[in-house]
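Coordinate inspection notes
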Amino acid sequence: MEIRTTLTALVGEKSPSGFEHPAAKTAQTLLAPYVDETYFDRLGSLVGVKRCGKPNAPKVLLDAHLDEIGLMVTGIAEGFLRFTEIGGVDPRMLPDREVTVLCDEPLFGVIACLPPHVQTAKDHDKAVATEDLYIDVGLSQEEAERRIPIGTPITYRCGCFPLGENRVCGKSMDDRACFTALLRCAELLKDEALDCDLYILGSTREEVNGAGAACAAFAIAPDACVAVDVTHGDSPDAPKEKTFPLGGGPVIGIGPNCTRSLVRRLQRAAEELDMKLQPEVMTGHTGTNAWGVQIAREGIATAVLSVPLRYMHTPVEVLELEDLEKTARLLAAFVRGFGKEGLA
């Protein structure tokens, strides 16, 4: 598997929360060669299963979400689209942005903005609220109403592209980059005999409420889950104590949402691989699927493993490809040891 090619295929799909099927279908095609079975659950999450064939084997769940932030049509005024946000959209990213309107025959559009020549001094000093923006799709009111139903989802119009020698830039790296790492992990384990049943989850709706992972975890009832997501990468204007260098390796969450025994397992696996593991203190809600998974059923042991990512929730997210490879190798080592070490 070539990580850059796989990531490009996943990022190219336009699948905001609640509309994940295109990304999930591509993910299923990519995952199927490495597992015994794939299926979709009632919320549309993709599940892949690699069974070890041993009775009463423990279940390990690796999760990465497939949805992305986006927009949704709320009305049409003089042919221009009114819209609202799906997930944590930063309004500063919206003016001048190219978008794809995901109606039956997708349309390109641009988010309208006032040229600087006609802005007031006050306009220069503030971000425009979402409710004051419009999308221009080049249609009349009548044609727009005919072709674009209210409730149509919208995504940024871009995929991903190389940035320097070892980095990539684009939309929805959060979190399809981490699903790419899960695919690579599954490839590494494909021909190995395990002591646990491995479940790979491409979950839905993480950007709005985490329902996809919570419901899937309830149904699977794993003994342990590692939620794999992105965390904040370093940049010149970001606080060093809250960000992590790209290329510095995976980031391990430490806090009440992270079961201590699983944290130690991941740390031991990293030591055995002679791999640097960056610690991230998470004192409350981790902002990941681990939060909902932890309280599914009678409670599920959880861990959070993250990939450093710059410019999160923008169409120009940036990451280091080597961090995905390291994350995959760490997860593979973690899964290999599960069952041999017991559940403690």
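Data block above holds the structure.
The sections below set out a description of the structure shown in this document.

Time to look at the sheet that holds strand E3 (residues 59-65). With mixed pairing, 8 strands are arranged side by side in an open sheet as E1-E2-E12-E3-E13-E16-E14-E15. Taken across any chain shown, the strands that pair with only one partner, and hence form the sheet edges, are strand E1 (37-40) and strand E15 (278-281). Neighbour-to-neighbour, the strand axes of the sheet open up by a mean angle of 25°, direction not taken into account.

This brings us to helix H2 (residues 21-31). For H2, the set of buried residues is Ala-23, Ala-24, Thr-26, Ala-27, Gln-28 and Leu-31. Taken together, the buried residues of H2 touch helix H1 (3-11), E1, strand E2 (46-50), helix H5 (173-189) and strand E12 (197-203).

Counting residues in hydrophobic clusters, the biggest one holds 64 residues, and the most contacted among them are Leu-7, Leu-62, Met-173, Phe-179, Leu-319 and Val-335. Discounting chain neighbours no more than four positions away, the residues touching Leu-7 are Val-168, Met-173, Arg-176, Ala-177, Thr-180, Leu-319, Leu-321 and Leu-324. Within the second largest apolar cluster, 22 residues are counted, among which are Ile-69, Val-73, Ile-148 and Tyr-156.

The terminal C-alpha atoms of H5 lie 24 Å apart, and with 17 residues this matches the ideal 24 Å at 1.5 Å per residue to within 8%. Burial within H5 is extensive, with 16 of its 17 residues counted as buried.

Within this structure, the stated rule accounts for 15 salt bridges. The salt bridge partner of Lys-171 is Glu-68, with a shortest N-O separation of 3.2 Å. Here Lys-171, found in the loop between strand E11 (167-170) and H5, pairs with Glu-68, found in the loop between E3 and strand E4 (70-77); they are 103 residues apart in sequence, far enough to count as distant. Taken as a pair, Lys-171 and Glu-68 share a single burial class, namely buried. The partner of Glu-320 in a salt bridge is Arg-167, and the shortest N-O contact between them spans 2.8 Å. Within this pair, whereas Glu-320 is found in strand E17 (residues 317-320), its partner Arg-167 is found in strand E11, the two being separated by 153 residues in sequence. Connected through shared salt-bridge partners, Arg-184, Glu-187, Glu-325 and Arg-329 make up one network.

This part takes up the packing of H5 against helix H9 (residues 321-337). Viewed as axis vectors pointing N to C, H5 and H9 meet at an angle of 50°, and their least axial separation amounts to 8 Å. Taken together, the axis directions place H5 and H9 in an arrangement best described as oblique. H9 is crossed by H5, and the crossing has right-handed handedness. Contacts from Ala-177, Ala-181, Leu-182, Arg-184, Cys-185, Leu-188 and Leu-189 in H5 reach Leu-324, Glu-325, Thr-327, Ala-328, Arg-329, Leu-331, Ala-332, Val-335 and Arg-336 in H9. Split by residue class, the contact of H5 with H9 holds 11 nonpolar, 1 polar and 4 charged.

Read from one edge to the other, the open sheet built from 3 strands follows the order E10-E11-E17, with strand pairing classed as antiparallel. Each having just a single partner strand, strand E10 (160-163) and E17 make up the two edges of the open sheet. On average, each strand axis in the sheet is inclined to that of its neighbour by 30°, with strand direction left out of account. For E11 and E17, the ladder comprises 4 bridges, and the chain directions are antiparallel. Across the sheet, the residue bridging to Cys-169 is Val-318, located in E17. Across the sheet, H5 is in contact with E10, E11 and E17; its angle to E17 comes to roughly 25°.

What follows deals with the packing of helix H7 (residues 260-272) against H9. Interhelical geometry of H7 versus H9 gives an angle of 115° and a closest axis separation of 9 Å. As summarised for this structure, H7 and H9 are arranged roughly perpendicular, according to the angle between their axes. Note on packing geometry: the crossing formed by H7 with H9 is right-handed. Residues Leu-262, Arg-265, Leu-266, Ala-269 and Ala-270 of H7 pack against Leu-330, Ala-333, Phe-334 and Gly-337 of H9.

Mapped onto the secondary structure, Phe-179 falls in helix H5. The class for Phe-179 is buried, based on a relative accessible area of 0%. Sequence separation between Phe-179 and Ala-64 is 115 residues; the distance between their C-alpha atoms is 5.1 Å. Not counting the four nearest positions on each side in its chain, Phe-179 is found in contact with Leu-10, Ala-27, Leu-31, Leu-46, Ala-64, Leu-66, Ile-200, Leu-201 and Gly-202.

Another aspect to go through is the packing of aromatic side chains. The tally for this structure, following the rule as stated, stands at 2 aromatic pairs. Seen in terms of ring centroids, Phe-80 and Tyr-134 are 6.3 Å apart; in terms of plane orientation they differ by 80°. Their pairing is edge-to-face. Taken as a pair, Phe-80 in strand E5 (residues 80-86) and Tyr-134 in the loop between helix H3 (121-124) and strand E8 (135-136) lie far apart in primary sequence, 54 residues in all. Of the residues examined, Phe-80 reaches a relative accessible area of 29% and is grouped as partly exposed. The partly exposed category is assigned to Tyr-134, whose relative accessible area is 30%. Summarising the aromatic geometry, the rings of Phe-334 and Phe-338 are spaced 5.8 Å apart at their centres and angled 55° between planes, so their arrangement reads as tilted. Looking at Phe-334, the relative accessible area reads 4%, which means it is buried. Over the ring of Tyr-134 we find Arg-82; its NZ or CZ atom is 4.3 Å from the centre of that ring. If you follow Arg-157 out to its NZ or CZ, it ends over the ring of Phe-108, 3.6 Å from the centre.

How each quantity is defined
- Residues numbered from 1 in each chain as written.
- Predicted model: local features only at pLDDT ≥ 70, side-chain atom pairs only at ≥ 80, totals over all residues.
- Heavy atoms only, no water.
- Pairing = 2+ DSSP bridges.
- Helix = DSSP H or I, 4+ residues; strand = E, 2+ residues; numbered from the N terminus.
- Axes fitted to C-alpha atoms, helices over the stretch in contact; angles between N-to-C directions.
- Buried < 20%, exposed > 50% of the residue type's maximum accessible area, 1.4 Å probe, protein only.
- Contact = heavy atoms within 4.5 Å.
- Core = buried A, V, L, I, M, F, W, Y, C linked by side-chain atoms within 4.5 Å.
- Expected span 1.5 Å × (residues − 1).
- Salt bridge = Lys/Arg side-chain N within 4 Å of Asp/Glu carboxyl O.
- Parallel < 35°, antiparallel > 145°, perpendicular 65-115°, else oblique.
- Left-handed = near helix turned anticlockwise from the far one by under 90°.
- Nonpolar A, V, L, I, M, F, W, Y, C, P; charged D, E, K, R; others polar.
- Phe/Tyr/Trp six-rings, centres within 6.5 Å; stacked < 30°, edge-to-face > 60°.
- Lys NZ or Arg CZ within 6 Å of the ring centre and 35° of its normal.

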